[in-house]
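Examining the three-dimensional arrangement
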Amino acid sequence: MGVIGYPVTHTASPVMHQAAYEYLGCDYAYVPLEVHPSQLKQALDGLRALSFIGANVTIPYKEQVVPFLDELDEQAQKIGAVNTILNQNGRLIGYNTDGPGFAYALETEGQFTITDKHVVLLGAGGAAKGIAFQCLKAKSLCIVNRSLEKAQALARNLPMSGPIQTLSSDVDLEAVLSRADLVINTTSLGMSPQEAMSPLNAYEGISSQTLCCDIIYKPAQTLFLKEAKVKGARTLGGAGMLAGQGVLAFHLFTGLQVPYTVMRGVL
Ligand code: NAP
């Protein structure tokens, strides 16, 4: 197994999967696979040719791999992005475990369920799409993004039961933030090495009533989380989501269950 990305030097997935093999006594290997953008199709054909069990997919290929796969599971089809590919006798099947992994970490580590809550989603990229589909039972959802049209396109595809709003990230967000139970940063702002960047221009509205989550896991404490803490908010970093999606991908690859704490523990 492996993880396809460009670059992949940042990935923590090999360490996590290796920990799972050691815990369960499995004879597998998991390697980083750096694939140049001009070679994506060849790399996916290579998974078949080399009888890989499967591969995870990271930045920037989660959407780009879709046309080269033989089948998508229902969730990946709705989201339009894939983070896990299973090789079933030469047929490549795409799944997306990012959203369920996020929801699992939110419940396990944040003791928080999204149902009937007011949620603000910062960002509308690949990871945001998966997480947005976990927010369908929220009381309300507000998607904030630099490119408003991307937030609007994401909102159009969401079969939300409650109201959904889209805003550009340069407007005053105080009213929206003060109503929010949960604020999730899914943008790459604040990710190492650009640690001085923040997805919010101002933190007014965030309070001790807010849970602020960042899905960035390097650094563990982003500027977004540090500023939210100053306002009294509870905070949660991105390592839990990484472990959550990893546990689900591991199950797809092997049919085996590894405890969440095994993958989470090495991060
Ligand atoms: P992506 O598809 O490239 O989306 C990036 C998002 O960030 C978009 O909303 C983009 O806005 C916004 N953005 C980027 N640069 C910006 C800037 N200078 N100013 C304002 N907004 C900016 O990336 P992704 O795959 O969703 O990943 C996003 C982050 O999530 C990364 O840091 C990644 O490491 C992390 N992630 C973590 C996990 C985990 O398991 N913890 C899983 C997946 C991803 P526009 O739409 O306007 O470009």
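The following refers to the structure shown. (Residues numbered from 1 in each chain as written. Predicted model: local features only at pLDDT ≥ 70, side-chain atom pairs only at ≥ 80, totals over all residues. Heavy atoms only, no water.)

**Comments concerning the pairing of strand β3 (residues 54-57)**
The two faces of β3 match: G54 and N56 on one face and A55 and V57 on the other face are all buried. Alignment of strand β1 (residues 2-5) against β3, held across three bridges, turns out to be parallel. Its bridge partner lying in β3, V3 is registered against N56. Strand direction decides the pairing type here: β3 and strand β5 (residues 84-88), joined by three bridges, are antiparallel. Paired with N56 across the two strands is T84, which belongs to β5. (Buried < 20%, exposed > 50% of the residue type's maximum accessible area, 1.4 Å probe, protein only. Helix = DSSP H or I, 4+ residues; strand = E, 2+ residues; numbered from the N terminus. Pairing = 2+ DSSP bridges.)

**Looking at the nonpolar core**
F102, L106, I114, I143, L182 and I184 are the most contacted members of the largest nonpolar core, which totals 30 residues. Taken together, the elements giving at least two residues each to this core come down to α4 (98-110), β7 (118-122), α5 (126-132), β8 (140-145), α6 (148-156), β10 (182-185) and β11 (211-214). A total of four residues in this core trace back to one element, the largest contributor, which is α5. Beyond its immediate stretch of four places on either side in the chain, L106 contacts Q111, F112, I114, L182, L211, C213 and L236. I93, F250, Y260 and M263 belong to the second-largest nonpolar core, a separate cluster that totals 23 residues. (Core = buried A, V, L, I, M, F, W, Y, C linked by side-chain atoms within 4.5 Å. Contact = heavy atoms within 4.5 Å.)

**Topic: helix α2 (residues 40-49)**
Within an α-helix, residues lying three or four positions from one another point in the same direction, as the helix has 3.6 residues per turn. Among the residues of α2, those classed as buried are L40, L44, G46 and L47. Projected onto a plane normal to the axis of α2, the buried residues spread over an arc of 150° and lie on a single side. On its buried face, α2 sits against β1, β2 (31-34), β3, β5 and β6 (91-95). (Arc of directions from axis to C-beta.)

**Examining the site of the ligand**
Within the structure, the ligand sits among 23 residues, and A127, N145, R146, S147 and I215 are positioned closest to it. S147 places a side-chain nitrogen or oxygen 2.4 Å from an oxygen atom of the ligand. One of the side-chain N or O atoms of K150 is found 2.9 Å from an oxygen atom in the ligand. Protein contacts shield 80% of the accessible area of the ligand, which totals 930 Å² for the unbound molecule. At the level of elements, α5 and α9 (239-254) are the ones that each hand at least two residues to the shell around the ligand. Residues that form the shell around the ligand fall into these classes: 10 nonpolar, nine polar and four charged. (Near = heavy atom within 4 Å. Polar contact = N/O pair within 3.5 Å; in protein donor to acceptor, adjacent residues only side chain to side chain. Areas by Shrake-Rupley, 256 points an atom, 1.4 Å probe, with all protein chains shown as cover. Nonpolar A, V, L, I, M, F, W, Y, C, P; charged D, E, K, R; others polar.)

**Observations concerning the sheet that holds β5**
Ordered by their spatial adjacency, six strands build an open sheet running β2-β1-β3-β5-β6-β4, and the pairing between neighbours is mixed. Of all the strands in the sheet, just β2 and β4 (71-72) have a single pairing partner and so form its edges. One ladder, built from two bridges, connects β4 with β6; its direction is parallel. Paired with L72 across the strands is G94, a residue of β6.

**What about the pairing of strand β9 (residues 164-168)?**
Strand direction decides the pairing type here: β8 and β9, joined by five bridges, are parallel. What sits directly across from L141, in β9, is I164. In the classification by handedness, the crossover that spans β8, the intervening α6 and the parallel β9 is right-handed. (Right-handed = clockwise from strand over helix to strand, strands pointing away.)

**Let's talk about the state of the cysteines**
Scanning the model with the defined rule gives zero disulfides in all. Looking at the unpaired C135, the closest cysteine sulfur is the one in C213, lying at 10 Å. Residue class for C135 comes out buried when judged on its relative accessible area of 0%. (Disulfide = S-S within 2.5 Å.)

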